[in-house]
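Examining the three-dimensional arrangement
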Amino acid sequence: MSSPALRDNLRLALTVAVVNGFATLTGLAFAMYASLAVLSVTVGNYGNTLELGRQRLIGTTIGAIVVFYGYRAWGHLPVLVALPLALLLARVIAGSLRLTVGYSVCCFVVIMGWLTHEQQLDIWIPLRLFWTAFGIIMALLSLRLFWPSRARIEQRQGLLQLLVDLGETLQEFLHNTPVDQRRRALTHRLRGLRNSLLSLRDQRVNALRELGPLATQHPVAQLWELLDQACEALMLDLDELRRLQAPNWQAWGLEPQHEAALTYSRAVAERLLRWQSVLRRSLTLQAPPPEPRPALPLECLRSAQADQAYAQLSPEQLQCVASRLVVLNRIDHTLESTERRWQALLQ
């Protein structure tokens, strides 16, 4: 089932066969409308199928109401006069509800009921509605039961893996290895992380379709966007760390500040892994980790020992230290902002 087109066609054929088998067992009339509903609304993803099914069911209902009462009101008139009046009424109602696909279905039901089933509307309308609803339900179930679309699952797994990769990349950058070696390794890792992020963005269109017509307002989709923004910001910060000159902390008398920066960076990497651990527990939206978020220890930057060390540094050396600390402060802001907005999605 590696080919999406083959998978979709087999799913459609299997669903139609199941619907026809059930219709045969019931022995009810007009069962063909169930198969027609399956064929007309199944489009390969749950969101679009749900929207097409909703419009088709609404359009069928409006058409049934119009033909039922319209035939009783205008049935004595010539068909060239009565049918256009009924169609005009159906078009007005469907247009006021802003139907697109359901608009044509509504008019089709009016024409079929008026010209073909005018003597059996009492039987034809309930069965038409029943079989249409049954076909739509079966189409939706088929997308969940028979080779379900995995775009939403793959989007979630991809973002979680990206968090793991970011945490591991930051931890690797902290290893006590030569600067040039660390920079080469980080350059390679960042290239892979960017490619993964771009690939996830390309796939997100299909994942959003699975969430339905209001996907952008879905909390899960909003969390995807939030994690996307956080990952992008952290990649930019890592890239800047790669390009910045590494301060000579020990020689400049800033060993405590260096140790504080390393401790905070390790805590950030562990926090990203905690995000992944929390989110992988369930497909539903989860709260941020309950543990306190790591904070940049700014108090260690303003001590008597630190002020004495700063006084002995040149402007270029001070700028080197400040640039490194500014990047860490941006990372701190990214974590704080992401978790605050994440928590807001739960309310």
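Predicted, not measured: the structure shown is a model, and the values here were computed from it. (Residues numbered from 1 in each chain as written. Predicted model: local features only at pLDDT ≥ 70, side-chain atom pairs only at ≥ 80, totals over all residues. Heavy atoms only, no water.)

With that settled, consider the overall build of the protein. Looking only at helices and strands, one finds twelve helices and zero strands in the protein. Moving toward the C terminus, one meets the helices and strands of the protein in the order α-α-α-α-α-α-α-α-α-α-α-α. Computed over the C-alpha atoms, the radius of gyration of the protein is 31 Å, more than 25% above the 20 Å expected from 2.2 N^0.38 for a compact globule of 347 residues. Taking the principal axes of the C-alpha coordinates as reference, the protein spans close to 105 × 40 × 30 Å. Here the protein holds 347 residues, and 44% of them are scored as buried. For the protein, contacts bridging at least 24 residues in sequence account for 80% of all contacts bridging at least 6. Summed over all atoms, the accessible surface of the protein reaches about 18,100 Å², with 59% contributed by carbon and sulfur. Across the protein, the centroid of the 34 positively charged side chains sits 7 Å from that of the 27 negatively charged ones. (Helix = DSSP H or I, 4+ residues; strand = E, 2+ residues; numbered from the N terminus. Rg over C-alpha atoms; globule rule 2.2 N^0.38 Å. Buried < 20%, exposed > 50% of the residue type's maximum accessible area, 1.4 Å probe, protein only. Contact = heavy atoms within 4.5 Å. Areas by Shrake-Rupley, 256 points an atom, 1.4 Å probe, with all protein chains shown as cover. Lys, Arg positive; Asp, Glu negative; His and termini not counted. Charge placed at Lys NZ, Arg CZ, Asp CG, Glu CD.)

So, on to the pattern of salt bridges. All chains considered together, the criterion is met by 17 salt bridges. In this structure, the salt-bridge partner of E240 is R330, at a minimum N-O distance of 2.3 Å. Residue E240 is found in helix 9 (residues 219-243), and its partner R330 is found in helix 12 (residues 315-345); the two are separated by 90 residues along the sequence. A relative accessible area of 22% places E240 in the partly exposed class. By relative accessible area, which is 33% here, R330 ends up partly exposed. Because the salt bridges share partners, they merge into one network encompassing R201, R204, E225, D228 and E232. (Salt bridge = Lys/Arg side-chain N within 4 Å of Asp/Glu carboxyl O.)

Before going further, it helps to spend a moment on the nonpolar core. One finds L163, L166, L223, M235 and W275 to be the most contacted residues of the largest nonpolar core, which totals 53 residues. Elements that contribute at least two residues to this core include exactly helix 7 (151-173), helix 8 (179-210), helix 9, helix 10 (255-279), helix 11 (304-311) and helix 12. A total of twelve residues in this core trace back to one element, the largest contributor, which is helix 9. In this view, W275 contacts L163, L227, A230, P289, L335, T338, E339 and W342; residues no more than four positions away in its chain are not counted. Grouped together as the second largest cluster of nonpolar side chains are 32 residues, A31, V67, V105 and F134 included. (Core = buried A, V, L, I, M, F, W, Y, C linked by side-chain atoms within 4.5 Å.)

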